[in-house]
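Residue-level listing of the chains:
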Amino acid sequence: MVPPDAADATLPSADELRAEEEARHMRREAEIERSWSKEVVVEGGGRQAWPGARATLHVVSTVVSSRSGEGVGSVFEDSRPLGVPRLLLLGRGILVPGLERAVGGMREGESARVVVQPEGAYGDAGSPAAPRVPGSAVVTYEVELVKLEEEAELWDLSFDDKLRLAAERRERGNALYRGLAFAAADEEYEQGMRYLVYMPQPEDGQLVMVVVVVEDGQLARRPRLVARRCGAPGRESSVACRLQAPLEEATVRMQLNLCAAKLRTGREAAALAHADKVLELRPEHPKALYRKGQAHTQLGAYAEASLALTRAKAAAEAEADSSAAAAVEKEEARLAERRQRHARQRKAAYRRMVGGGGAGEARGEANAEAADQPRAAAGGGLRVGVAGARFVWG
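Residues numbered from 1 in each chain as written. Predicted model: local features only at pLDDT ≥ 70, side-chain atom pairs only at ≥ 80, totals over all residues. Heavy atoms only, no water.

(A) Focus on the overall build of the chain. The helix and strand tally for the chain stands at 11 helices and nine strands. With 394 residues in all, the chain has 41% of them scored as buried. Intrachain contacts of the chain at a sequence separation of at least 6 include 70% that bridge at least 24 residues. Put simply, the chain shows about 20,800 Å² of open surface, and 53% of that area lies on carbon and sulfur atoms. (Helix = DSSP H or I, 4+ residues; strand = E, 2+ residues; numbered from the N terminus. Buried < 20%, exposed > 50% of the residue type's maximum accessible area, 1.4 Å probe, protein only. Contact = heavy atoms within 4.5 Å. Areas by Shrake-Rupley, 256 points an atom, 1.4 Å probe, with all protein chains shown as cover.)

Have a look at this one:
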């Protein structure tokens, strides 16, 4: 048996572990530095970039070579045709490490050609989607640093500034979405949501709308919508009320945009989560229910899709929103078509499995029909492709 003190002597100390981690970090930093090179095409006359700068830049990204030869010469990102340059905070890990270092040394107005080896780009594994880049790819970036601005840390931004920045991101996302750049739009919505998440409530003095639901200790007969400034004295300051601040409206819109973008990029589970966030705030929101129905349809969960669309239609009719009701009806028709197609495919598969013909075929069709509903309720069945979906609302 090894004495306890002898066993302890074989374990590295905290200082040794710290030194090992620092050495590993330094090796990685040196590897990144060696991975990129930059050729200035147009000199910039403005400020040099700095960590935390809000950078507006155009980027064209091309695969130069890869281990398998796949994708060589392919452009996997180009912001110019969309007319929407990228907007990001430098030093936040949004860009691949080699490109991040190269942009960090650029000046406002500069254009450059940056070549990044796999160690500073997507590594041996590459990127399977959004963007799709093969393994061990050398990537060239044509970069134009359009503008540099200062942006305060989230905790230092005012309530109004956060709303403004979130709205800007949402507008950029909408422009990208209309240009069919769904992954880029999703990234903008995610960045916009960041401003809203770190803003739990308006500040004192902020003008908001409130719904008075309890007055003088009693449930109000008819809830009243009133305007007041947060923290201001007055009768409403002593009643229980639910804030209907611009924050809630901005959150609802952004969550719906995220839901639509997730659907377009094949991430139905995430789309459902965003729809549910809206429904937590507004339980019968027709568009959130509509998006939820779309997500369930694409997952093959037809029973849940039907339930969500039925609620969406009722909510749209309650709000006398004829365009929303029409959109739901179109989605219900798509659901019915998908469901029928799925049933036909299941019957055909069952016929092939049992050999077809006679009583066996009849039993096969009956069993397929009986099996279809519980599978749909469990979220099974065929997964409907995003390309076939119709998105009526923006």
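Here the narrative resumes, following the displayed structure.
(B) Local environment of the nonpolar core. Judged by nonpolar contacts, the single largest core of 26 residues is most densely connected at L57, L90, L99, V103, Y141 and V143. Secondary structure elements with two or more residues in this core: β2 (54–65), α3 (97–104), β5 (111–116) and β6 (138–149). When sequence neighbours within four positions are dropped, the list of residues in contact with V143 reads L57, H58, L99, V103, M106, E110, S111, A112 and V114. Counting residues in hydrophobic clusters, the runner-up holds 21 residues, among them L157, A166, L176 and M193. (Core = buried A, V, L, I, M, F, W, Y, C linked by side-chain atoms within 4.5 Å.)

(C) Spatial organisation of the packing of helix α2 (residues 14–35) against α3. Relative orientation of the contacting elements α2 and α3 amounts to 70°, with a least axis distance of 9 Å. Considering the angle they form, α2 stands roughly perpendicular to α3. Residues R28, E29, I32, E33 and S35 of α2 form the contact with α3, whose own contacting residues are P97, G98 and R101. Class assignment for the residues of the contact of α2 with α3 results in two nonpolar, two polar and four charged. (Axes fitted to C-alpha atoms, helices over the stretch in contact; angles between N-to-C directions. Parallel < 35°, antiparallel > 145°, perpendicular 65-115°, else oblique. Nonpolar A, V, L, I, M, F, W, Y, C, P; charged D, E, K, R; others polar.)

(D) Quick look at the packing of aromatic side chains. Scanning all chains against the criterion turns up two aromatic pairs. Over the face of the ring belonging to Y195 we find R194, whose NZ or CZ atom lies 5.3 Å from the ring centre. (Phe/Tyr/Trp six-rings, centres within 6.5 Å; stacked < 30°, edge-to-face > 60°. Lys NZ or Arg CZ within 6 Å of the ring centre and 35° of its normal.)

(E) Focus on the pairing of strand β4 (residues 86–89). The alternating pattern of β4 places R86 and L88 on one face and L87 and L89 on the opposite face, and all of these are buried. Pairing geometry for β2 and β4, over four bridges, is antiparallel. Its bridge partner being in β4, L57 is matched across the sheet by R86. (Pairing = 2+ DSSP bridges.)

(F) Broad picture of helix α5 (residues 182–197). With 16 residues, α5 should reach 22 Å at 1.5 Å per residue; the first-to-last C-alpha distance of 22 Å fits that figure. Turning to α5, its buried residues number three or more, namely F182, A185, D186, E188, Y189, Q191, G192, M193, Y195 and L196. Turning to α5, the residues buried within the fold contact β4, α4 (159–178) and α6 (246–264). (Expected span 1.5 Å × (residues − 1).)

(G) Spatial organisation of the packing of α6 against helix α7 (residues 268–281). Two elements in contact, α6 and α7, have axes separated by 8 Å at closest approach and are oriented at 160°. Between α6 and α7, the crossing angle belongs to the class labelled roughly antiparallel. Considering how the two elements wind past one another, α6 and α7 form a crossing that is left-handed. Judged by residue contacts, E248, T251, V252, Q255, L256, L258, C259, K262 and L263 of α6 engage E268, A270, A271, H274, A275, K277, V278 and L281 from α7. Partitioning the contact of α6 with α7 into residue classes produces 10 nonpolar, three polar and four charged. (Left-handed = near helix turned anticlockwise from the far one by under 90°.)

(H) Expanded view of the pattern of salt bridges. A complete count under the given rule lists 32 salt bridges for this structure. One salt bridge connects E70 with R132, and the closest N-O pair in it is separated by 3.1 Å. Pair noted here: E70 is in the loop between β2 and β3 (75–78) and R132 is in the loop between β5 and β6, with a separation of 62 residues, a long-range link. A relative accessible area of 39% means that E70 is categorised as partly exposed. Here K313 makes a salt bridge to E329, at a shortest N to O gap of 3.6 Å. In this pair, K313 sits in helix α9 (residues 302–318) while E329 sits in helix α10 (residues 322–354), placing the two residues 16 residues apart along the sequence. On the basis of relative accessibility, which here comes to 24%, the residue K313 falls in the partly exposed class. Looking at E329, the relative accessible area reads 41%, which means it is partly exposed. Salt bridges linked by common partners bring R54, E149, E151 and E168 together as one network. (Salt bridge = Lys/Arg side-chain N within 4 Å of Asp/Glu carboxyl O.)

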